[in-house]
Amino acid sequence: MSVWSIYVSDVGYTYSSFHFLSVVISRNAIEKKRKQTPSNLPDGCGWGDHIQLLQIYELWDQNDYSTEWCNENNLQVRGMMFVKNVRKQLTQIMQKITKESLVGQTSRRHKQSQQDYKNLRKALCAGYANQLAERMIHHNGYRTIGFKPQLVQVHPSSVMKGDDDGMLPNYVVYHELISTTRPYMRNVCAVEMPWVIPVLERLEKLNVKKLSGGIFHQNEERIQEINSNLEKKDAAAHEVSPEELGSRIEAARARFLARKAQK
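Residues numbered from 1 in each chain as written. Predicted model: local features only at pLDDT ≥ 70, side-chain atom pairs only at ≥ 80, totals over all residues. Heavy atoms only, no water.

An unreviewed UniProt entry annotates the protein chain as RNA helicase originating from Cuscuta campestris.

Written as structure tokens, this is what we have:
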């Protein structure tokens, strides 16, 4: 609900924003159950997978939630119905919070604008600030932002598009990291630098020790202590006194002379 709360407080809500949050929460119900992406389905306007999933749901909405439409587009009905149920629950929750009817929002049905998509992406950036990644300067590899960053790439299944030079957006928000032959980001969406800068400023002031209740710091100290003890044991195991070293040399010399005498 953090994404929705930010969206409501900053830019208000629209009919399609319920679709968006439903898709964000239950994205796997569509993504994992989708057999393939036919060419007649939307491409997310090049902004990424979240917008594409939203547009797919909007098309289904425009087709009156037809099961036949799902079958024609290789979308499993169960996953789509799950998203619809999530949307219904969110609508009921927001009606209780706002204490007003959302029926009037249906007047904008099927009229999603480019500005709406921008506002939705902005809310996604703020709501999932701990899952941002920055593109490297000379290639399409990304570095995750935050605690213990790592190098990752956008999953080949993503619909996010690059510019005329083939370069992907400078910043993206992702929903999961997977590792196959290399680490990938799945379900990515392009975000803009002005939205990311406030997040970076907050991360610089982030106190991991305070957030973890001191557990992280204690674990770090414990790991350092264990490593130190292992190093001491290893050094002690390799330490040999001069007397023992001389004895080993004499034993080796005796074995060599014995083998030589047998020849």
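Student: Would you mind going over the confidence of the model for the protein chain with me for this structure?
Tutor: Parts of the model with low pLDDT should not have their predicted coordinates read in detail. Summing up the model confidence of the protein chain, the mean pLDDT is 76 and the portion of residues at 70 or higher is 69%. Contacts from residues 6-15, a stretch scored under 50 in pLDDT, to residues over four places away or in other chains number 28 contacts. In this model residues 106-110 is a low-confidence stretch, pLDDT under 50, and it forms nine contacts with partners more than four residues away in sequence or in other chains. (pLDDT = per-residue confidence, 0-100. Contact = heavy atoms within 4.5 Å.)

Student: Could you clarify how one ought to interpret the sheet that holds strand 1 (residues 132-135) in this entry?
Tutor: Strands belonging to one sheet form pairs held by backbone hydrogen bonds; the direction of such a pair is parallel or antiparallel. Spatial strand order, 1-2-3-5-4: five strands in a closed barrel with mixed pairing. Here the average twist between neighbouring strands, direction ignored, is 50°. Pairing of strand 4 (residues 171-179) with strand 5 (residues 183-191), which is carried by eight bridges, proceeds in the antiparallel orientation. Bridge assignment links Leu177 to a residue of strand 5, and that residue is Met185. The strands touched by helix 4 (residues 49-62) within the sheet are strand 4 and strand 5, with strand 5 carrying the most contacts at an inclination of about 70°. Packing of helix 8 (residues 193-204) onto the sheet brings it into contact with strand 1, strand 4 and strand 5, and relative to strand 5 it is tilted by some 115°. (Pairing = 2+ DSSP bridges. Helix = DSSP H or I, 4+ residues; strand = E, 2+ residues; numbered from the N terminus. Axes fitted to C-alpha atoms, helices over the stretch in contact; angles between N-to-C directions.)

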